[in-house]
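So the chains spell out like this:
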Amino acid sequence: LSAQLPEDFPAISTQISGETGKGKVFLAVATEVEGIGYFLIIMDNDGTVVNYRELSEDYAYDFKMQPNGQLSYAQFLSHHSYTGGGNVIHKITDRELNQVDSIQLVNGYIAEAHDFQALPNGHFLAFGYYLTQADMSKIVEGAHPAAFVSGGIVQEFNASKQLVWQWRSWDHYAFEDYAFNTRRSKGEYVSAFHLNTIGLDYDGN
């Protein structure tokens, strides 16, 4: 397979230190690199490419195998200016990297790039951001009087992709009680909640 790789495929080198775990390594080209295309890559520990998929429009985050054996990745739709990551659609593929499904948030929200989880009961967890306009000058001296402040939203879907649960950060935190970072809270956009990962806890929360 390596001899058939495209010219814009990234060069891969590996260094093995001690015993390695079984299974494959999952990689994604997740930034702009001159002369390099956007790829999802599955390889062995020695760097041998087992399979890949080229993405034509933009790069992706969070390429991984889910507990149900399917693969998923977050295909960017746009990138955030006020925090890392961006708006995505979570695409689900089979083992051959053929798309079989996709997941998007509902109720007017858009999924974020950093994480997406398929649960053992067939449900899915995904999250995103939403922006609330607020007069931050009343909370932080010198802040914007009509700032857009980020909040985090988590949604859980059943196997039929019906929404069964939703949580929004600003439904549980009050602006006046939140410990805003004064150095980072004076612009037109304020990143108050930064989302990286989500998981089901041992007690079902």
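Because the structure is predicted, anything quoted here is derived from the model rather than measured.

Asks: Describe in detail the environment of Tyr 178, supporting the description with residues and values.
Replies: Within the secondary structure, Tyr 178 sits in the loop between β11 (163–168) and β12 (189–190). Counting along the chain gives 39 residues from Tyr 178 to Ile 139, while the straight-line C-alpha distance between them is 9.4 Å.

Asks: How would you summarise unusual backbone geometry if you had to cite specific residues and measurements?
Replies: For residues other than glycine, phi is negative in most cases, and the peptide bonds are mostly trans. Even without being a glycine, Asn 107 presents a positive backbone phi close to 60 degrees. Taking the relative accessible area as the measure of exposure, Asn 107 reaches 53% and is therefore exposed. Not every positive phi belongs to a glycine, and Lys 161 is a case in point at roughly 65 degrees. Mapped onto the elements of the fold, Lys 161 is located in the loop between β10 (147–157) and β11.

Asks: Can you break down the pattern of salt bridges residue by residue, with the values?
Replies: Going through the model one piece at a time under the given rule, you end up with 5 salt bridges. The shortest N-O distance in the salt bridge between Asp 44 and Lys 24 comes to 2.5 Å. Of this pair, Asp 44 sits in the loop between β2 (38–43) and β3 (49–55) while Lys 24 is found in the segment before β1 (25–28), placing the two residues 20 residues apart along the sequence. Looking at Lys 24, the relative accessible area reads 45%, which means it is partly exposed. Each member of the salt-bridge network shares a partner with another, and the members are Asp 62, Lys 64 and Asp 115.

Asks: Outline the environment of Arg 168, listing residues and values.
Replies: Along the chain, the position of Arg 168 falls in strand β11. Distance from Arg 168 to Ala 146, taken between C-alpha atoms, is 21 Å for residues 22 residues apart in sequence. If we skip the residues at most four places from it in the chain, Arg 168 touches Tyr 109, Tyr 130, Gly 152 and Ile 153. For Arg 168, the side chain forms a polar contact with the side chain of Asp 171, separated by 3.1 Å.

Conventions used here
- Residues numbered from 1 in each chain as written.
- Predicted model: local features only at pLDDT ≥ 70, side-chain atom pairs only at ≥ 80, totals over all residues.
- Heavy atoms only, no water.
- Helix = DSSP H or I, 4+ residues; strand = E, 2+ residues; numbered from the N terminus.
- Buried < 20%, exposed > 50% of the residue type's maximum accessible area, 1.4 Å probe, protein only.
- Salt bridge = Lys/Arg side-chain N within 4 Å of Asp/Glu carboxyl O.
- Contact = heavy atoms within 4.5 Å.
- Polar contact = N/O pair within 3.5 Å; in protein donor to acceptor, adjacent residues only side chain to side chain.

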